[in-house]
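Here's the letter readout for the chains.
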Amino acid sequence: MARRLGTSITETARLVGCSRSAVVSSHAKWINDGGTSSRCQDVGRPRVFKEKGRRRLSCLVKQNRRQTVAQLTDHVADHEVQGTLLDMGLCSKRPTRVPLLRKRHRQLRLQWAREHRDWTMDEWTRVTWSDESRFLTHHVDGRVKVRRLPGEQLLPSCTAGHTQDGGGGIMLWGTFSW
């Protein structure tokens, strides 16, 4: 729809959250075939989960998004949990890493940006930027995953927490300027 309304390929990809090539191929398929559905859509045995079971499974996932399929299967006693989760769009992905910005931080950043939006190049050359990052020396192997629907990646339950198991780390500070 975005392409139909004249939005550029790059902007459409940014809106949808996919690559430019995915936008191009999906748009071409829609133009040529009149749709974008997969031909493999109805392949295989139909799922046996009823609507009530799907709602229960959805609630279980939202209670603890890091549960494995085996753990979820213990709760609902059904062997088709994995396929049903995929049908529901709850695929397993790595937690999203987000900066720890509180509402107040976002307000202060916006206020600062508005106050400095008319600065000249000469004024910006006198600014020094700095940041610090902590790097873990012993950390989780990265295989922790969460189940989330599209658009849920920034929910607190779908982001990487700060209480990761593991050992120590090192804090680095850096700066740059004109």
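Note that the structure is a prediction, hence the values are computed from the model and not measured. Position labels on residues start from 1 in each chain and follow its written sequence. Given that this is a predicted model, residues contribute local features only at a pLDDT of at least 70 and side-chain atom pairs are listed and counted only at 80 or more, while totals for whole chains, interfaces and linings are drawn from all residues. Calculation of side-chain values draws on the structure's entire complement of heavy atoms; hydrogens and water are dropped beforehand.

Visitor: Could you give an account of the overall build of the protein, naming the residues involved and the relevant values?
Guide: Elements are defined by DSSP. Helices are runs of H or I of four residues or more, strands are runs of E of two residues or more, and each kind is numbered from the N terminus. A tally of regular secondary structure across the protein gives seven helices and four strands. In sequence order, the protein lays out its α and β elements as α-α-α-α-α-β-α-α-β-β-β. Exposure categories follow from relative accessible area, calculated using a 1.4 Å probe and restricted to protein chains: below 20% of the type maximum is buried, above 50% is exposed, and the middle band is partly exposed. Looking at the protein as a whole, 19% of its 178 residues qualify as buried.

Visitor: Could you give an account of the pattern of salt bridges, with specific residues and numbers?
Guide: We define a salt bridge as a contact between a side-chain nitrogen of Lys or Arg and a carboxyl oxygen of Asp or Glu at a distance within 4 Å. Counted according to the given criterion, the structure contains two salt bridges. Between arginine 14 and glutamate 11 there is a salt bridge, with its nearest N and O atoms 2.7 Å apart. In this pair, arginine 14 and glutamate 11 both sit in helix H1 (residues 9–16), three residues apart, roughly one turn of the helix. Arginine 14 gets classed as exposed once you look at its relative accessible area, which sits at 58%. Here aspartate 122 ties to arginine 126 by a salt bridge, and the two come within 3.5 Å at their closest N and O atoms. Residue arginine 126 is classed as exposed on the basis of its relative accessible area, which comes to 61%.

Visitor: Provide a residue-level description of the environment of serine 8, including the pertinent values.
Guide: Mapped onto the elements, serine 8 comes out in the segment before H1. Owing to a relative accessible area of 39%, serine 8 belongs among the partly exposed residues under this scheme. Separated by twelve residues in the primary sequence, serine 8 and arginine 20 place their C-alpha atoms 9.8 Å from one another.

Visitor: Got a sec to walk through the environment of arginine 66? Specific residues and values, please.
Guide: Along the chain, the position of arginine 66 falls in the loop between helix H3 (51–63) and helix H4 (69–76). Assessed through its relative accessible area of 35%, arginine 66 is described here as partly exposed. Note: C-alpha distance between arginine 66 and arginine 148 (82 residues apart in sequence) is 9.9 Å.

Visitor: Give me the lowdown on the packing of aromatic side chains, citing residues and values where you can.
Guide: A pair of Phe, Tyr and Trp rings is counted when the ring centres sit within 6.5 Å of each other, with Trp represented by its six-membered ring. The angle between the planes then sorts it: under 30 degrees is stacked, over 60 is edge-to-face, the rest tilted. Going through the model one piece at a time under the given rule, you end up with four aromatic pairs. Taking 5.9 Å as the distance between ring centres and 75 degrees as the angle between the ring planes, the aromatic pair formed by tryptophan 112 and tryptophan 129 counts as edge-to-face. Residue tryptophan 112 is found in helix H6 (residues 103–116), and its partner tryptophan 129 is found in strand S2 (residues 128–136); the two are separated by 17 residues along the sequence. On the basis of an interplanar angle of 15 degrees and a centroid distance of 6.1 Å, the ring pair of tryptophan 124 and tryptophan 129 is categorised as stacked. Exposure remark for tryptophan 129: the relative accessible area of 36% places this residue in the partly exposed category. Every member of this aromatic cluster is reached through a ring pair, and the members are Trp112, Trp119, Trp124 and Trp129.

Visitor: I'd like to hear about the nonpolar core, residue by residue, with values.
Guide: Think of a nonpolar core as a cluster: buried Ala, Val, Leu, Ile, Met, Phe, Trp, Tyr and Cys residues, connected wherever their side-chain atoms sit within 4.5 Å. Residues Leu57, Leu60, Val61, Leu72, Val81, Leu85, Met88 and Leu90 constitute the largest nonpolar core, which totals eight residues. If you list the elements that add at least two residues to this core, you get H3 and helix H5 (81–87). Here the element with the most residues in this core is H3; it accounts for three residues.

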